Amino acid sequence: METKGCNFRIGNGFDVHQLASGLPMWLGGVRIESEVGFVAHSDGDVAIHALCDALLGCLALGDIGHHFPVTSDDFLGIDSKILLRRVVDLIEEKGWKVGNVDITIALQAPKIGKYVPQMRSTLAEVMGVEEDSVSVKATTTEKLGFVVRKEGCEVWASALIYR
């Protein structure tokens, strides 16, 4: 199947981070008021990490760990918005633009619904797209698994790019 003439590409991403007391919680580029945060090499923004994987997947460019390895001190504690901007720059260097993204965050607590508008705005600004091109949804896992036990968070992201 010939894809060189295709004017759009779709990718998806998935990420999980463990929760622990005393760490900051960053989601979608926004600091969330919480007594727990994400265990991670970077700032732990699991939503941005899944989004980066979705965007990289659009062009079969590997995953976030390939581009920003946890073995590198360059990324220790880094703001994930910087990683997202670098991924968008990479896509743009290859002649593509972000069309829209859709993110689903599964987290039992804290409740994050009130932060969704700020997440959408922040992510849109970082990617250089209109806010209505960014969808963020919050859900729980209906009393199943590590999310309901408040051990972690999982995020799915889809992205469409075009040229």
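### A look at the pattern of salt bridges
- By the definition in use, this model includes five salt bridges.
- One salt bridge in this structure joins arginine 85 and glutamate 92, with 3.1 Å as the shortest N-O distance.
- The partly exposed category is assigned to arginine 85, whose relative accessible area is 26%.
- Arginine 149 is the partner of glutamate 151 in a salt bridge, and the nearest nitrogen-oxygen pair spans 3.0 Å.
- The exposure class of glutamate 151 is partly exposed, given its relative accessible area of 37%.
- When salt bridges that share partners are traced, they join Arg85, Asp89 and Glu92 into one network.

### Some remarks on the side chain of aspartate 45
- Of note, aspartate 45 is situated in the loop between β4 (36-38) and α1 (46-58).
- Of the side chains with opposite charge, lysine 81 lies nearest to the buried aspartate 45, which makes no salt bridge, at 6.4 Å.
- Setting aside its immediate chain neighbours within four residues, aspartate 45 contacts Trp26, Leu27, Gly28, Gly29, Val30 and Ser80.

### Points about the pairing of strand β5 (residues 97-106)
- In the sheet, β5 pairs with strand β7 (residues 152-162) via nine bridges, with the strands oriented antiparallel. Within β7, the residue paired with threonine 104 across the bridge is tryptophan 156.
- Inspection of the sheet shows β5 paired to strand β6 (residues 134-139) by six bridges, in the parallel sense. Each bridged residue has a counterpart across the sheet, and for aspartate 102 the counterpart in β6 is serine 135.
- Each parallel crossover has a hand, and the one from β5 via helix α4 (residues 116-127) to β6 is right-handed.

### Examining a nonpolar patch on the surface
- A cluster of nonpolar residues, Phe8, Ile10 and Tyr162, forms a patch on the protein surface that exposes about 320 Å² of accessible area.
- Position of isoleucine 10 relative to the elements: it lies in strand β1 (residues 8-21).
- The exposure class of isoleucine 10 is exposed, given its relative accessible area of 58%.

### Focus on the nonpolar core
- Core analysis: the largest hydrophobic core is formed by 49 residues, its most contacted members being Leu27, Leu55, Leu84, Ile105 and Met127.
- Those elements that place two or more of their residues in this core are β2 (25-27), β3 (30-32), α1, α3 (80-93), β5, α4, β6 and β7.
- Counting residues per element, this core draws most heavily on α1, at 10 residues.
- Leaving out residues up to four positions away in the same chain, isoleucine 105 has contacts with Leu27, Ala47, Ile112, Met119, Val136, Lys137, Ala138, Thr139, Cys153, Glu154 and Val155.

### A look at the side chain of serine 80
- With respect to the secondary-structure elements, serine 80 resides in helix α3.
- Under the relative-accessibility criterion, serine 80 is labelled buried at 0%.
- Once you skip the residues sitting within four places of it in the chain, serine 80 turns out to touch Ser42, Asp43, Asp45, Ile48 and His49.

Here is what the cut-offs are and how they apply
Along each chain, residue indices are assigned from 1 in the same order as the chain's sequence is written. Per-residue local features of the predicted model are confined to residues with pLDDT of at least 70, and side-chain atom pairs are confined, for both listing and counting, to 80 or more; whole-chain, interface and lining totals are unaffected and use all residues. Calculation of side-chain values draws on the structure's entire complement of heavy atoms; hydrogens and water are dropped beforehand. What makes a salt bridge here is a side-chain nitrogen of Lys or Arg within 4 Å of a carboxyl oxygen of Asp or Glu, nothing more. Each residue's exposure class comes from its accessible area (1.4 Å probe, protein chains only) as a fraction of the maximum for that residue type: buried when under 20%, exposed when over 50%, partly exposed otherwise. Strands here are runs of E lasting at least two residues and helices are runs of H or I lasting at least four, both read from the DSSP assignment and numbered beginning at the N terminus. Positive charges come from Lys and Arg alone, negative charges from Asp and Glu alone, with His and the N- and C-terminal ends not counted. The contact definition used throughout considers only heavy atoms, calling two residues in contact when any of these lie within 4.5 Å. At least two bridges found by DSSP between two strands are what make those strands a pair. Throughout, right-handed denotes a crossover for which the path from the first strand over the helix to the second runs clockwise when the strands point away from the viewer. Patch construction takes residues with relative accessible area above 30% that form no salt bridge. Like charges are linked within 9 Å, and nonpolar side chains (Val, Leu, Ile, Met, Phe, Trp, Tyr) are linked within 5 Å. Working definition of accessibility: Shrake-Rupley area with a 1.4 Å probe, residue cover restricted to the visible protein chains. Buried Ala, Val, Leu, Ile, Met, Phe, Trp, Tyr and Cys residues form a nonpolar core when they are joined through side-chain atoms within 4.5 Å.

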